[in-house]
Amino acid sequence: MVTIRLGFGRQNFRLFKRSFLLLKLIAVVFAVLLFCEFLIYYLVIFRCNWPELKTPACDGEQETLEPVLKAMFLADTHLLGEVRGHWLDKLRREWQMERAFQTALWLLQPEVVFILGDIFDEGKWSSSQAWADDVERFQKIFRHPHHVQLKVVVGNHDIGFHYQMSTYRIKRFEKVFNPERLFSWKGINFVMVNSVALEGDGCNICSEAEAELIEISHKLNCSREELHSSQCGDGQPLPRSAPVLLQHFPLYRKSDANCTGEDAAPPEERGTLFKERYDVLSREASQKLLWWLRPRLVLSGHTHSACEVLHGAGISEISVPSFSWRNRNNPSFIMGSMTSTEYALGKCYIPFESTVLITYCGTAGFLVVLILIHFGFLDLPFIFGCQLLRKFKTV
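A few points on the structure. Everything numeric here is computed off the predicted structure, so don't read it as measured data.

## Observations concerning the packing of helix α2 (residues 87-108) against helix α3 (residues 128-141)
Then step 1. Remark: α2 packs on α3, axes separated minimally by 9 Å, with the N-to-C direction vectors making an angle of 40°. Contacts between α2 and α3 involve K90, E94, M97, E98, F101 and Q102 on the former and, on the latter, R137, K140 and I141.
Then step 2. Class assignment of the residues belonging to the contact of α2 with α3 gives a composition of three nonpolar, one polar and five charged.

## Focus on the packing of α3 against helix α5 (residues 167-176)
Then step 1. In the contact formed by α3 and α5, the axes pass within 12 Å of each other and the chain directions differ by 30°. Taken together, the axis directions place α3 and α5 in an arrangement best described as roughly parallel. The handedness of the crossing between α3 and α5 is right-handed. From α3, S128, W131, V135 and Q139 reach across to α5, where they touch Y168, R172, F173 and V176.
Then step 2. Partitioned by chemical class, the residues of the contact of α3 with α5 number five nonpolar, two polar and one charged.

## A closer look at α5
An α-helical segment advances 3.6 residues per turn. Residues three or four places apart therefore align on the same side.
Then step 1. Listed as buried for α5 are I170, R172, F173 and E174.
Then step 2. Where the residues of α5 are buried, they touch α3, β3 (149-153), α4 (156-159) and α6 (204-223).

## So, the side chain of H248
Then step 1. With respect to the helices and strands, H248 occurs in the loop between β6 (244-246) and α8 (267-270).
Then step 2. Using a relative accessible area of 0% as the deciding quantity, one classes H248 as buried.
Then step 3. Among the polar contacts made by the side chain of H248, one reaches the side chain of H302 at a distance of 3.0 Å.
Then step 4. The residues touching H248, leaving out its near neighbours within four places in the chain, are D76, L116, G117, D118, V153, V154, G155, N156, S195, S300, G301 and H302.

Scoring rules and cut-offs
- The numbering scheme is per chain: residues are counted from 1 as the chain's sequence reads.
- Local features in this predicted model are restricted to residues of pLDDT 70 or higher, and side-chain atom pairs are both shown and tallied only at a pLDDT of 80 or more, whereas totals for entire chains, interfaces and linings draw on every residue.
- Note that the side-chain values use all heavy atoms of the structure and ignore hydrogens as well as water.
- Helix axes are fitted to C-alpha atoms over the stretch in contact, other axes to C-alpha atoms as well, and angles between N-to-C directions run from 0 to 180 degrees.
- Under the scheme used here, helices are H or I runs from DSSP no shorter than 4 residues and strands are E runs no shorter than 2 residues, and both carry numbers assigned from the N terminus.
- Residues are treated as being in contact if the distance between any of their heavy atoms lies within 4.5 Å.
- By the convention adopted, Pro, Cys, Tyr, Trp, Phe, Met, Ile, Leu, Val and Ala count as nonpolar, Lys, Arg, Asp and Glu as charged, and the other residues, Gly among them, as polar.
- The labels follow the angle: roughly parallel below 35 degrees, roughly antiparallel above 145, roughly perpendicular from 65 to 115, and oblique for the rest.
- If you view the pair so one helix is near and one far, a crossing is left-handed when the near helix is turned anticlockwise from the far one by less than a right angle, and right-handed when it is turned clockwise.
- Residue exposure (1.4 Å probe, protein chains only): buried if accessible area is under 20% of the type maximum, exposed if over 50%, otherwise partly exposed.
- Contacts described as polar in this section are N or O atom pairs within 3.5 Å, which, within protein, must combine one atom able to donate a hydrogen with one able to accept it, while residues neighboring in sequence count only if both atoms come from side chains.

Written as structure tokens, this is what we have:
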């Protein structure tokens, strides 16, 4: 009887040890998943702060000060489609963008968010059903409260390059996203350009796009009181402020050779010459935009890398890196504090993909060692090492 009881006792103890090991493994896996899929976004984005303007912000007590607009700029989300999108790639990268965006909204509280083109990866050839599915996923990932405005600029992957774009694709895009080209808030003018249509070859879509820009230029000149009131009409005048130009293609530059920073193009790619009307706008289109609109700041996407360039009389252009892990290991977005006369920009990085992968790989290695120790596969090497140490001590 005693032997039987001891046998049952040992068996129960072994079952207890295995159950305890399983609980430990589950706890470790759950903790790592919680950290990598949720908490890391809060820990990283919490360190971001809105840049401060030289002039103090309006705090409600000093009504003479201008109100500050908090604007967020991101680019090249490239939501995968049904043709090139693997389900695992979609799941991983879209979850990353959703968590990063939702966390940024909750922690930073922007008033307006601009996405600078290439919202979708396959909009240039997707069917009607595939387009509807992609739009539904976009609206889920980038959902936002009613008090936050979301503005979108069209990119070449949304409607195709110049030789691919059509009125049908443009109308399909504008049906989902507000097609307004001029947006004013808190005394700040934003001009959102369809840079794909600035080919300059006189096509119908290009001619319409240029006509819209000339009309916007006229309104901006009227706001600067450079034209007589009879020429400007009786419409509501725009704020008297140089605009912020938002587009997908960057203005013309030879290359990224002068771009620096950890999220700039890799050193081996910076010297590669850009192709006009493909990598950047043509010289002619860039000069027209600067002449027509006379912006104080330009923000663009398309290159997937960061860069800052000065044009003309010191007009700064910021290339915003891609927001997706699919295009960069270190995505980021731009935070802008803006008034009608000033602006200050800052960059906010979201978690690096390599950090998450290293965390998962390190945890997997730790769990393997833990299992091997539990089943005694690592006992012999440890015992052999201890014996060798004892021999050396006795010698």
